[in-house]
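Report on the structure
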Amino acid sequence: MLIPTDKPAERPAARVLLRVVLRLAILILFATFGRIGFGRSLAALLWMTMILCAMLAVLRRKGVFAAA
């Protein structure tokens, strides 16, 4: 598969930003309907997300501060 060369270089950064915004929107939506209050629900969901991302990074053998 050929990769087109006319794509802007900022596209991957924009894609990462979009993913972060969508994840935060989903977490905020779930925290809104939490029974223990918005703040505590959001804090719990953010902690669970952080732990899940760390575990997935370890499983995928990602570098901590890798350039790419």
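As a convention, each chain's residues are numbered from 1 in the sequence order in which they are written. For this predicted model, a pLDDT threshold of at least 70 governs which residues receive local features, and a threshold of 80 or more governs which side-chain atom pairs are given and counted, while totals over whole chains, interfaces and linings are taken from all residues. Just so you know, side-chain values use all the structure's heavy atoms and leave hydrogens and water out.

**Brief notes about the overall build of the protein**
Secondary structure is summarised from DSSP: a helix means a run of H or I of at least four residues, a strand means a run of E of at least two, and numbering begins at the N terminus for each. Scanning the protein from N- to C-terminus turns up two helices and zero strands. Only protein chains enter the calculation, and the probe is 1.4 Å; a residue is then buried if its accessible area is under 20% of its type maximum, exposed if over 50%, and partly exposed in between. Here the protein, with 68 residues, has 7% of them falling under the buried criterion.

**Focus: a positive patch on the surface**
A cluster of basic side chains, namely Arg15, Arg19, Arg23, Arg60 and Lys62, defines a positive patch on the protein surface. Topologically, Arg19 is positioned in helix α1 (residues 11-32). Residues enter patches when their relative accessible area tops 30% and they take part in no salt bridge; the joining distance is 9 Å for like charges and 5 Å for the nonpolar side chains Val, Leu, Ile, Met, Phe, Trp and Tyr. A 1.4 Å probe and the Shrake-Rupley method give the accessible areas. Residues count as covered only by the protein chains that appear here. Put simply, a salt bridge is a Lys or Arg side-chain nitrogen that is within 4 Å of an Asp or Glu carboxyl oxygen. Counted as positive: Lys and Arg. Counted as negative: Asp and Glu, with His and the chain ends omitted from the count. Taken as the charge centre is NZ of Lys, CZ of Arg, CG of Asp or CD of Glu, depending on the residue.

**Concerning unusual backbone geometry**
A positive phi is found at Arg61, a non-glycine position, where the angle reads about 55°. As for its position among the elements, Arg61 is in the segment after α2 (38-59). Accessibility expressed as a relative area gives 77% for Arg61, which makes it exposed.

**So, a nonpolar patch on the surface**
Together, Trp47, Met50, Ile51, Leu52, Met55, Leu56 and Leu59 give the surface a local cluster of nonpolar side chains, amounting to about 760 Å² of exposed area. Of note, Trp47 is situated in helix α2.

**What about α2?**
A helix is expected to span 1.5 Å for every residue after the first. Along its 22 residues, α2 runs 31 Å from first to last C-alpha, staying within 8% of the 32 Å computed at 1.5 Å per residue. Positive phi shows up at Arg61, right after α2, with a value of about 55°.

**As for the side chain of Ser41**
Position of Ser41 relative to the elements: it lies in helix α2. Residues in contact with Ser41, not counting those within four places in the same chain, are Ala31, Gly34, Arg35 and Ile36. Pairs of residues are marked as contacts when any of their non-hydrogen atoms sit within 4.5 Å.

**What to know about the environment of Ile28**
Note that Ile28 resides in helix α1. Assessed through its relative accessible area of 39%, Ile28 is described here as partly exposed. With 17 residues separating them in the primary sequence, Ile28 and Leu45 have C-alpha atoms 8.9 Å apart. For Ile28, the contacting residues outside a window of four places in its chain are Phe38 and Leu42.

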